[in-house]
Amino acid sequence: MSGRARDARASRFRRPGASPLSSDLPSGHRTGHGADPAARAEALRALIRRYDHEYYVLDAPTVPDAEYDRLFAELQALERDHPGLAAPDSPTARVGGAVAGGFAPVRHSRPMLSLNNAFDDDAVRGFDRRVRELLAESGLDPAQLRYSAELKYDGLAVGLRYERGRLVQAATRGDGAVGEDVTANIRTIRAIPLRLEGVGPEVLEVRGEVLMWSADFEALNARQREAGEKEFVNPRNAAAGSLRQLDPAVTARRPLRFFAYGVGEVRGAETPATHSGLLAWLESAGLPVGPERAVANDADGLLEFFRRIGERRAALPYQIDGVVYKVDRRDWHELLGYVARAPRFALAHKFPAEEAVTELLDIEVQVGRTGKLTPVARLAPVFVGGVTVTNATLHNEDEIERKGLMIGDRVVVRRAGDVIPEVVRALPREHGHEAAGRYRRFGMPHACPVCGSATEREEGEADRRCVAGLYCPAQRRQALLHFAQRRAMDIDGLGEKLVGQLVDGGLVSTPADLYRLDAATLAGLERMGEKSAANLVEAIDRSRRTTFARFLFALGIRHVGEEVARLLADAYPDVDALAGEDWDALAARKAAIQKENARRRARGEPPEPVPLEGVGPEIVDSVRRFFAEPHNREVVEALLAAGVGWEAPGGAAGEGAAAAGSHALAGKTFVLTGTLPSLTREQAAEMIRRHGGSVSGSVSKKTDYVVAGEAAGSKLDKAASLGVAVIDEAALRGMTGEK
Ligand code: IVH
């Protein structure tokens, strides 16, 4: 192996250029043929060890990869030219020959235990209570109890045996009593020192977890894919598979890492009295120890750690499946004893499993607002990621094909954090007589499952669509829900159930029909009283007063989201102007200006504004097609006739020219957080835009102001850390001049 295995992690280093240490080396030995090769080799080894430690353990490299590679190559050349210099703990000696006949068994000098699990707060409190009781029973003072909390790494356990500071053997956990000798493979992991710093006791067995970082795992899978080889299911499997390679040269190419979390046999050394102290001690010996750790006094402190880590989990570079609590005083460990194979001094507090297996009962097809057909997996209910899951989106037919799913399959379902559940893959199918007829292939329907019209998949598109447009009741329902949503016309109370009844009962087929509904008709519907009918009529009436941008967004034109709707509303005075635009002429004008701007840029002159910048040909095509459809124009006419309108109709720039508009906030970026006293988020955002400002979802160095209300969250901390100004609603109003 030559050079530093390139991890997915960028090779950023704190101090560019060669380390000052390089110049401390015996000089004139670039090729290794100088006066004292032995001294040069030792110096190079010390340097490479140090760089490995900085890179893999401290996560703070100080030299560029090229410099490291150069030193490494020099050492290799030196050892080749002077075979007498070869040493088993040289960084060049990490990769040895293949193991013949598999891995030899290793009996652990002290058993490798497992941990009891807790899945909720009560179990953690129960653990703490039992520990205190046991201590009291032994005549010890529970008030002195402290816990050490750390992460539960999702990899595989190994024991590393160091004798007089040299790594002599490494073994997997196996059944806890006997594991496998994986020394040759462990030696290839650069995070693991072949030689310890300072401490060189007779025996020190370090216990910890071998794992693969998430980004390295992704990169490995990408390489596997390119090479046409099998991809790994998750980082833990990839780590386990890599460690069990018979050829260490293969393991060496796999980006494995290690975190130490304890010790086994120790002879000839005084070890720290506490677990937290032990971790620090291992760290000072040059071993990687996870940085996320804490000492807590009681169950509340442990739960606080669990919650803090839970929030940060997704941002960690490696996978964890929980946290581990250990009684900090190590002399109390033996005293507390063991139950079966698990110690009473420790507890694993696990996150809810993010993956579970269930049955794919069926695949149903939903029709969306734009006619898009989405296959949805109907699943036998399964508890995963903390909730019961019965559906998961399958996105499109290619996705089903790629995952090779069949109805009747046992499938792995994943739900991590708040993300939408997904079907990850199918388990291998059973074959033979009994399994006959159990599995069924799925094909996307060529007739719309709702209206029976044809479905179409255009060249180059992943989705199949129902061609019927608003004649398809499913699309009509979705179009109405889109129209009524808060960010569009904001008709409170018009939910899914009600829209279903209105469409199915033939009461409403286009958004314009909503404005003809009366309270008496509505009161006759299921689950509608007179009061709620009256409220809905009022909400519909209120929605008549809107903004041009909201109106355009509400129409549900394909590719016209809120942002594009705003751009269009700013560029056109009214619907007629937009619908009547000569799009070809506009495209030609745009192209000409862009060309002119390229020239101006070359001359260092400021560019001319491009009309409808950010509105590309795909959007333009969609807008053009929308207004070319007579039915759509009728709906728009009907809406306007029903009294839907906005301030400053016919104003020069739509919303931007609303009576109260200004350029007071031009060029300023705002972030909203918390609940403002009188404005909703949308209203505040609209107010900011009305005065030329822009609104962003997250705080960055570019943010000018954070507008904070009650119960403002982490955005406020971020603002403070970046020194961004924080204002309240009153100050915002002051800046805009609006009362
Ligand atoms: S301590 C006596 N600490 O969890 C305690 N184990 O169920 C022995 N693990 O096989 C283990 N992170 O693979 C401990 N910080 C941590 C851990 C950890 C992961 C794994 C380890 C072990 C399993 C126990």
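Residues numbered from 1 in each chain as written. Predicted model: local features only at pLDDT ≥ 70, side-chain atom pairs only at ≥ 80, totals over all residues. Heavy atoms only, no water.

**Student:** Hey, could you run me through the packing of helix α13 (residues 473-484) against helix α14 (residues 496-504) in this one?
**Tutor:** The description of two helices packed together rests on the angle between their axes and the distance between the axes. Where α13 meets α14, the closest approach of the two axes is 10 Å, and the angle between their N-to-C directions is 135°. By the angle class used here, α13 and α14 are oblique. As α13 packs across α14, the resulting crossing turns out to be right-handed. Across the interface between the two elements, Pro473, Arg476, Arg477, Leu480 and Leu481 of α13 pack against Glu496, Val499, Gly500, Val503 and Asp504 of α14. Each residue belonging to the contact of α13 with α14 can be placed in one class, and the counts come to five nonpolar, one polar and four charged. (Axes fitted to C-alpha atoms, helices over the stretch in contact; angles between N-to-C directions. Helix = DSSP H or I, 4+ residues; strand = E, 2+ residues; numbered from the N terminus. Parallel < 35°, antiparallel > 145°, perpendicular 65-115°, else oblique. Left-handed = near helix turned anticlockwise from the far one by under 90°. Contact = heavy atoms within 4.5 Å. Nonpolar A, V, L, I, M, F, W, Y, C, P; charged D, E, K, R; others polar.)

**Student:** It is not clear to me how helix α3 (residues 65-81) should be interpreted in this structure. Could you clarify?
**Tutor:** The periodicity of an α-helix, 3.6 residues per turn, causes residues three or four positions apart to be oriented the same way. Over its 17 residues, α3 extends 24 Å from the first C-alpha to the last, a length consistent with the 24 Å expected when each residue adds 1.5 Å. Among the residues of α3, those classed as buried are Asp65, Glu67, Tyr68, Leu71, Phe72, Glu74, Leu75, Ala77, Leu78 and Glu79. (Expected span 1.5 Å × (residues − 1). Buried < 20%, exposed > 50% of the residue type's maximum accessible area, 1.4 Å probe, protein only.)

**Student:** Looking at this structure, I do not really get the sheet that holds strand β10 (residues 320-327). What am I missing?
**Tutor:** Paired through backbone hydrogen bonds, the strands of a sheet run either parallel or antiparallel to each other. Read across the open sheet, the five strands follow the order β2-β13-β10-β3-β9; overall the sheet is mixed. Strands at the two margins of the open sheet, each flanked by one partner only, are β2 (117-118) and β9 (294-296). Two strands pair when backbone bridges link them, and β10 and strand β13 (residues 346-350) are joined in this way by five bridges, in the antiparallel orientation. Paired with Gly322 across the bridge in β13 is Lys350. The strands that helix α10 (residues 299-312) touches are β3 (147-153), β9, β10 and β13; relative to β10, the one it contacts most, it runs at about 160°. (Pairing = 2+ DSSP bridges.)

**Student:** In this structure, what is going on with a negative patch on the surface? I would like to understand it.
**Tutor:** On the surface, a cluster of negative charge is made up of Asp576, Glu629, Glu634 and Glu637. Its place among the elements puts Glu629 in the loop between α22 (617-628) and α23 (630-641). (Patch = residues over 30% accessible without salt bridge, like charges linked within 9 Å, V, L, I, M, F, W, Y side chains within 5 Å. Areas by Shrake-Rupley, 256 points an atom, 1.4 Å probe, with all protein chains shown as cover. Salt bridge = Lys/Arg side-chain N within 4 Å of Asp/Glu carboxyl O. Lys, Arg positive; Asp, Glu negative; His and termini not counted. Charge placed at Lys NZ, Arg CZ, Asp CG, Glu CD.)

**Student:** What am I meant to see in the pairing of strand β15 (residues 373-384) here?
**Tutor:** Residues in a regular strand project their side chains so that they alternate between the two faces of the sheet. With nine of twelve residues buried, β15 lies mostly within the body of the structure. Relative to β15, strand β14 (residues 355-367) is paired through seven bridges, and the arrangement is antiparallel. Across the sheet, Val367 pairs through a bridge with Leu373, a residue of β15. Connecting β14 to the antiparallel partner β15 that follows it, the hairpin turn spans five residues, and Gly371 within it adopts a positive phi of roughly 90°.

**Student:** Explain helix α2 (residues 37-57) here, please?
**Tutor:** Taking 1.5 Å of rise per residue, 21 residues should cover 30 Å, and α2 covers 29 Å from first to last C-alpha, within 8% of that figure. Of all 21 residues that make up α2, 15 are buried, and the element is covered over most of its length. Positive phi appears at Asp59, one or two residues downstream of α2, with a value of about 60°.

**Student:** Quick question: what am I supposed to make of the packing of aromatic side chains here?
**Tutor:** Aromatic rings considered in pairs are described by the distance between their centres and by the relative angle of their planes. Throughout the structure, instances matching the rule amount to 15 aromatic pairs. For the pair Tyr68 and Phe72, a centre-to-centre distance of 6.1 Å together with 25° between the ring planes defines the contact as stacked. You can see Tyr68 and its partner Phe72 sitting in helix α3, four residues apart, about one turn around the helix. Taken as a pair, Tyr68 and Phe72 share a single burial class, namely buried. Judged by centre distance (5.1 Å) and plane angle (70°), the rings of Phe259 and Tyr318 are edge-to-face. Taken together, the positions of Phe259 in strand β8 (residues 256-267) and Tyr318 in the loop between α10 and β10 put the pair 59 residues apart, joining distant regions of the chain. (Phe/Tyr/Trp six-rings, centres within 6.5 Å; stacked < 30°, edge-to-face > 60°.)

**Student:** Hey, could you run me through the pattern of salt bridges in this one?
**Tutor:** Once their charged atoms are close, side chains differing in charge can pair, the charge on each being opposite to the other. All told, the structure shown has 57 salt bridges when counted by the stated rule. Across the pair Glu355 and Arg414 runs a salt bridge, and its minimum N-O distance is 3.4 Å. Separated by 59 residues along the polypeptide, Glu355 in strand β14 and Arg414 in strand β17 (residues 410-414) bring together distant segments of the chain. Taking the relative accessible area as the measure of exposure, Glu355 reaches 29% and is therefore partly exposed.

**Student:** Just to check I follow, could you spell out the site of the ligand for this structure?
**Tutor:** Surrounding the ligand, one finds 14 residues, the nearest of these being Leu151, Tyr153, Glu209, Tyr261 and Lys326. Here an oxygen atom of the ligand and a side-chain polar atom of Lys152 are 3.1 Å apart. Take Glu209: an N or O atom from its side chain is 2.6 Å from an oxygen atom of the ligand. If the ligand stood free it would expose 530 Å²; the protein chains cover 86% of that surface. (Near = heavy atom within 4 Å. Polar contact = N/O pair within 3.5 Å; in protein donor to acceptor, adjacent residues only side chain to side chain.)

**Student:** Just to check I follow, could you spell out the environment of Ala104 for this structure?
**Tutor:** Structurally, Ala104 can be placed in the loop between α3 and β1 (105-107). For Ala104, a relative accessible area of 41% puts it in the partly exposed group. Along the backbone, Ala104 and Glu180 are 76 residues apart, and their C-alpha atoms lie at a distance of 5.7 Å. Not counting the four nearest positions on each side in its chain, Ala104 is found in contact with Gly179, Glu180 and Asp181.

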